[in-house]
Amino acid sequence: MSWKTTEYTGWGRVLSANGQLARPERARALSEIAKTPCPAIGNRRSYGDAALNSDGKAIDMTRMNRILGFDAGTGVVTVEAGITIGELAHVFAPKGWIPAVMPGTGFATVGGCIAQDVHGKNHHNAGSFGQHVLSVTLLQGDKRTTATPTKNKDLFRATMGGIGQTGVIAEAKLQLKPCAGDVMMVTEQRADNWDQHINLLDASTAEYCVGWIDATATGGALGRGVIEEAELAKGLLPTAKPSKSVPMNAPNWALSGPIVRAFNAAYFRRVPGSGKSSVKRIDDFFFPLDKIHDWNRLYGKRGFHQFQNVVPLDQMDALREMLGLIARSGLASPLAVLKRMGPGRAGHMSFPMEGYTLAVDFPARDNAKDLIARLEDMTKDAGGRLYLAKDALATGPAIKAMYPEHGDWTKLADKADPDHAFATDMTRRLDLRNAI
Amino acid sequence: MSEMTQTWIILGATSSMARAFARKVADQGAVVLLAGRDMDDLKRSAEDMRLRGTDARAVKFDARDAETFAPILAEADAVGGVINAAVFVGSMPPQDAIDEDPSLIDGTVMDSFTGPARFLQSLAPLMEARGAGTVVGVGSVAGDRGRIGNYVYGAAKAGFATYLSGLRNRLTRSGGHVVTVKPGFVDTAMTWDVEGMFLVASPDKVASDLMRAVEKKKNVIYTPFFWRYIMLIIRHIPEFIFKKMSI
Ligand SMILES: Cc1cc2nc3c(=O)[nH]c(=O)nc-3n(C[C@H](O)[C@H](O)[C@H](O)COP(=O)(O)OP(=O)(O)OC[C@H]3O[C@@H](n4cnc5c(N)ncnc54)[C@H](O)[C@@H]3O)c2cc1C
Ligand SMILES: NC(=O)c1ccc[n+]([C@@H]2O[C@H](COP(=O)([O-])OP(=O)(O)OC[C@H]3O[C@@H](n4cnc5c(N)ncnc54)[C@H](OP(=O)(O)O)[C@@H]3O)[C@@H](O)[C@H]2O)c1
């Protein structure tokens, strides 16, 4: 079967790899290819180097995307791991079932969602993706192993959020969640400042809740934004608008300070002071950016970074201070999100912890790098952590300090993969396969 | 089944282009027969489609074994309604492998031309009897002109295109239709490690183009559309120049 040498990048397009990729389309081809143990990758929606393997091999799973079983009574579905979350929602929502956890892009594959133990806008209620996984089938060279929360349970736990280090996830069995219908009832409210923003997030009783934050607003307006709350509902669907794509890299000024500030102010005022309710299609609510293909090109050819951290509830002030730093830097893009997370997590290396998570995009510039380095320190001091799905810049010792179960995880990963054949650019950069 | 049932026989259904097309006809409510050699894979695809709500079945088809043809036709006949067929079968051994072993020509021609043609020849009377149905035949831009890099494959595709043209002529008389499809570069297993490709289309994009062509009863389409113009230029290069080129 064919390997092709090619250059490929993470979603932020700052980091890239030159290596050999195979892209099997059939189960037999996958088993054959997987005999050479090497990391599996999905749709490369991770921003940094989680899905990169420079000078090595990797298996692109995106063509392994079939549904293998579904029980309409229990909502248990078995799939090939390359199927996307968007596809699952599209197929099953009309039948009354939806993935229990959906990240902000429908292009994420099931394998990628497991390997990063992703969270959605309902994390405070539903927990993380891995908490709804019933079993995974792993390929480790010639070996094919099934792991569940009760059988091979250590391996299972090391695989949830295990950034692909325990083997190639070929198949997975997921518990879907019943849904009343396939539209969203959405309510948006304005928060004029940080305190209001946090209060609205804390007070929310909605199934889905997230805050868009104007990361350029300073002074008394620091932390202003729009809180979005939503429930799944039955209703009539507005017809889908066709998707568009960004044909080329945008010039550098496209996301410069003044333009972003003007955009953010307009976006904020879009929602009236009294709030606003509307009905949205599922994809429009969960995957708002997916309609514009290759939107990462808007950041120009130098690419961009996303900084995402989470801090414990009582470290809210530290997070406010970080936001202040970001706002005064004038470097942030319009894509910024604040969310209250619950404690739900499925693996040793899972990102979530009970607290507040902040995600902000920055065009890749030297001053953005310096800022992100400071934010890394502040996050560590606050007892929080950074999200590996977004990271391209962190340092190994800091990450190890942020993930207290890292040491245990390395032992299990070593058991599954003693030769470190599944190592990636990320695990090498952060030295994640070694305990200290 | 009602008279309005549309049955699609998909030959070469393991191809990612075929898979994408099968999902699209399934979305319109068709019964789908997934035909090919790799029964394990076809059964997985059939199950996938059944779980999405389609009556899909895996059936054995080998372009090099005519014995496999009749059972497929019988099954399609038994479903009732309108019978349609889409041919994605084809094989492209590297030209230098053929130079080394000219006997590879036989298989290439059978996979890309004579096998499918023989199948369609037996299907035609069934379509005529119903006075309806569409055949989609996937050729290639490689069939438009013999090039140094893959002229055996190209010749097989050219033969198939000429066959489809004749079949169109025949089926039109009884209310049937034939769409000839000439894809440029498509991002599939066949071309994964082929170097020097450009303007590569996704299988899904090609499948959308095919759906539109079937709906609009197009005769010959290039997909993506701009290949029509690229090939227009290539076909007009005078032979005394073309013979020295290696494009
Ligand atoms: C616009 C956007 C919004 C996002 N929103 C959210 C959000 O709300 N919440 C959130 O949690 N994340 C979010 N993300 C991050 C994204 O969900 C994760 O990066 C996810 O892992 C992407 O899936 P992927 O299929 O692209 O995986 P990749 O990025 O290709 O791979 C991610 C990791 O998974 C491993 N992997 C992939 N497939 C397999 C497999 N089959 N077997 C073993 N290992 C595998 C890879 O080795 C790699 O370590 C967002 C990303 C974008 C671009
Ligand atoms: N990819 C491109 O750029 C491109 C461009 C122009 C035209 N095309 C044409 O598009 C069609 C689909 O190709 P693809 O790109 O999707 O590649 P592919 O995956 O290799 O598809 C070829 C298909 O033909 C089948 N096949 C080959 N020999 C067969 C035989 N003797 N009996 C039965 N089935 C046989 C294969 O089945 P198995 O699974 O059993 O091997 C497979 O389903 C082909 O006709 C190809 O020539 C492709």
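Here is a short report on the structure shown in this document. (Residues numbered from 1 in each chain as written. Chains lettered and ligands numbered in written order. Predicted model: local features only at pLDDT ≥ 70, side-chain atom pairs only at ≥ 80, totals over all residues. Heavy atoms only, no water.)

Right, let's talk about the interface of chain B and chain A for a bit. Counting residues at the interface gives 20 residues for chain B, matched by 23 residues for chain A. Carbon and sulfur atoms supply 41% of the area that chain B and chain A bury against each other, a total of about 2,100 Å² over both sides. Contact with chain A buries area across many residues of chain B, yet Arg-44, Leu-51 and Trp-192 of chain B alone supply 40% of it, more than any other trio. Our count for the chain B to chain A interface comes out at ten salt bridges. For Arg-26 of chain A, the salt bridge is made with Asp-38 of chain B, and the minimal N-O distance between the two is 3.1 Å. Inspection of the chain B/chain A interface yields 20 residue pairs in polar contact (both at pLDDT 80 or more). Grouping the constituent residues of the side of chain B that touches chain A by class yields four nonpolar, five polar and eleven charged. (Contact = heavy atoms within 4.5 Å. Buried area = accessible area lost by both parts, 1.4 Å probe. Salt bridge = Lys/Arg side-chain N within 4 Å of Asp/Glu carboxyl O. Polar contact = N/O pair within 3.5 Å; in protein donor to acceptor, adjacent residues only side chain to side chain. Nonpolar A, V, L, I, M, F, W, Y, C, P; charged D, E, K, R; others polar.)

Attention shifts here to the sheet that holds strand 15 (residues 276–281) of chain A. All names here are of chain A. Taken in spatial order, the eight strands line up as 15-11-13-12-18-19-17-20 in an open sheet, and their pairing is antiparallel. Strands at the two margins of the open sheet, each flanked by one partner only, are strand 15 and strand 20 (385–386). Here strand 18 (residues 336–341) pairs with strand 19 (residues 355–363) via six bridges, running antiparallel. Counterpart to Leu-338 in the pairing with strand 19 is Leu-358. Across the sheet, helix 10 (residues 366–381) touches strand 17 (304–312), strand 19 and strand 20, and the angle it forms with strand 17 is around 15°. (Pairing = 2+ DSSP bridges. Helix = DSSP H or I, 4+ residues; strand = E, 2+ residues; numbered from the N terminus. Axes fitted to C-alpha atoms, helices over the stretch in contact; angles between N-to-C directions.)

By the secondary structure assignment, His-305 of chain A is in strand 17. Every residue in contact with His-305 of chain A, bar those within four places of it in the chain, is listed here: Val-14, Val-360, Asp-361, Phe-362, Ala-364, Ile-372, Ala-392 and Leu-393 of chain A.

Time to look at the pattern of salt bridges. Side-chain pairing between opposite charges can occur once the charged atoms of the two side chains come close. All names here are of chain B. Here the structure, examined in full by the defined rule, presents 45 salt bridges over all chains. Ionic pairing is found between Asp-48 and Arg-52, a salt bridge with its closest N-O pair at 3.1 Å. With a relative accessible area of 2%, Asp-48 lands in the buried category. Here Asp-144 makes a salt bridge to Lys-182, at a shortest N to O gap of 2.8 Å. (Buried < 20%, exposed > 50% of the residue type's maximum accessible area, 1.4 Å probe, protein only.)

What follows concerns helix 2 (residues 39–51) of chain B. Its 13 residues place the ends of helix 2 of chain B 18 Å apart at the C-alpha level, agreeing with the 18 Å of an ideal helix rising 1.5 Å per residue. Residues of helix 2 of chain B that are buried: Asp-41, Leu-42, Arg-44, Ser-45, Ala-46, Asp-48, Met-49 and Leu-51 of chain B. (Expected span 1.5 Å × (residues − 1).)

Let's shift gears to the nonpolar core. By size, the foremost hydrophobic cluster in this structure holds 115 residues, and its most contacted members are Val-110, Phe-129, Val-136 and Phe-362 of chain A. Other than its neighbours up to four places away in sequence, Val-110 of chain A contacts Val-79, Ala-81, Ile-83, Ile-85, Leu-88, Phe-129, Ala-172 and Leu-174 of chain A. By size, the runner-up hydrophobic cluster in this structure holds 32 residues, among which are Phe-21, Leu-34, Val-181 and Ala-207 of chain B. (Core = buried A, V, L, I, M, F, W, Y, C linked by side-chain atoms within 4.5 Å.)

Residue and element names in this part refer to chain A. In the vicinity of ligand 1, 33 residues are found, and the nearest of them are Ala-40, Arg-45, Ser-46, Thr-109 and Tyr-387. At 3.2 Å, a backbone N or O of Ala-50 approaches an oxygen atom of ligand 1. A distance of 3.3 Å separates an oxygen atom of ligand 1 from a polar backbone atom of Ile-163. In isolation ligand 1 has 950 Å² of accessible area, and contact with the protein removes 95% of it. Taken together, the elements giving at least two residues each to the shell around ligand 1 come down to strand 3 (40–41), helix 3 (110–115) and strand 10 (168–178). Of the residues forming the shell around ligand 1, the biggest block, three residues, is contributed by helix 3. (Near = heavy atom within 4 Å. Areas by Shrake-Rupley, 256 points an atom, 1.4 Å probe, with all protein chains shown as cover.)

Residues and elements named next belong to chain A. When strand 1 (residues 4–9) meets strand 2 (residues 16–22), the two strands line up antiparallel, connected through six bridges. Each bridged residue has a counterpart across the sheet, and for Lys-4 the counterpart in strand 2 is Leu-21. Adjacent in sequence and paired antiparallel, strand 1 and strand 2 are bridged by six residues, among which Arg-13 carries a positive phi angle near 60°. In the sheet, strand 2 pairs with strand 4 (residues 57–60) via three bridges, with the strands oriented parallel. Residue pairing across strands places Ala-22 opposite Ile-59, the latter belonging to strand 4.

This brings us to the sheet that holds strand 3 (residues 56–60) of chain B. Residue and element names in this part refer to chain B. Pairing is parallel in the open sheet, where seven strands are placed in the order 3-2-1-4-5-6-7. Of all strands in the sheet, those with a lone pairing partner are strand 3 and strand 7 (220–223), marking the two edges. Direction aside, the axes of adjacent strands within the sheet are offset by 20° on average. The pairing of strand 1 (residues 6–11) with strand 4 (residues 82–87) spans six bridges and is classified as parallel. Looking at the pairing, Trp-8 lines up with Asn-84 of strand 4. Where helix 2 meets the sheet, it contacts strand 2 (31–36) and strand 3, and its direction lies at approximately 165° from that of strand 3.

With that out of the way, let us pick up the site of ligand 2. In the region of ligand 2, 26 residues are neighbours, and Arg-26 of chain A together with Thr-14, Ser-15, Tyr-153 and Thr-188 of chain B sit closest. The environment of ligand 2 is shared, with nearby residues belonging to chains A and B. A distance of 2.5 Å is found between an oxygen atom of ligand 2 and a side-chain nitrogen or oxygen belonging to Arg-26 of chain A. With respect to ligand 2, the side chain of Thr-14 of chain B contributes an N or O atom lying 2.6 Å from an oxygen atom. For the shell around ligand 2, the class distribution of residues is eleven nonpolar, nine polar and six charged.

All chains considered together, the criterion is met by 22 aromatic pairs over all chains. A centroid spacing of 4.4 Å and a plane angle of 45° characterise the contact between Phe-70 of chain A and Phe-92 of chain A, whose relative ring orientation is tilted. Of this pair, Phe-70 of chain A sits in strand 5 (residues 67–71) while Phe-92 of chain A sits in helix 2 (residues 85–92), and the two are 22 residues apart along the sequence. Relative to Trp-227 of chain B, the ring of Phe-226 of chain B lies with its centre 6.4 Å away and its plane at 35°, an arrangement referred to as tilted. Classification of Phe-226 of chain B by relative accessible area gives partly exposed; the value is 24%. Each member of the aromatic cluster is reached from another via a ring pair, and the members are Trp-11, Tyr-47, Trp-295, Tyr-299 and Phe-304 of chain A. The aromatic ring of Tyr-267 of chain A is capped on one face by Arg-270 of chain A, whose charged end is 4.3 Å from the ring centroid. Taking the ring centre of Phe-242 of chain B as reference, the NZ or CZ of Arg-145 of chain B above it sits at 4.0 Å. (Phe/Tyr/Trp six-rings, centres within 6.5 Å; stacked < 30°, edge-to-face > 60°. Lys NZ or Arg CZ within 6 Å of the ring centre and 35° of its normal.)

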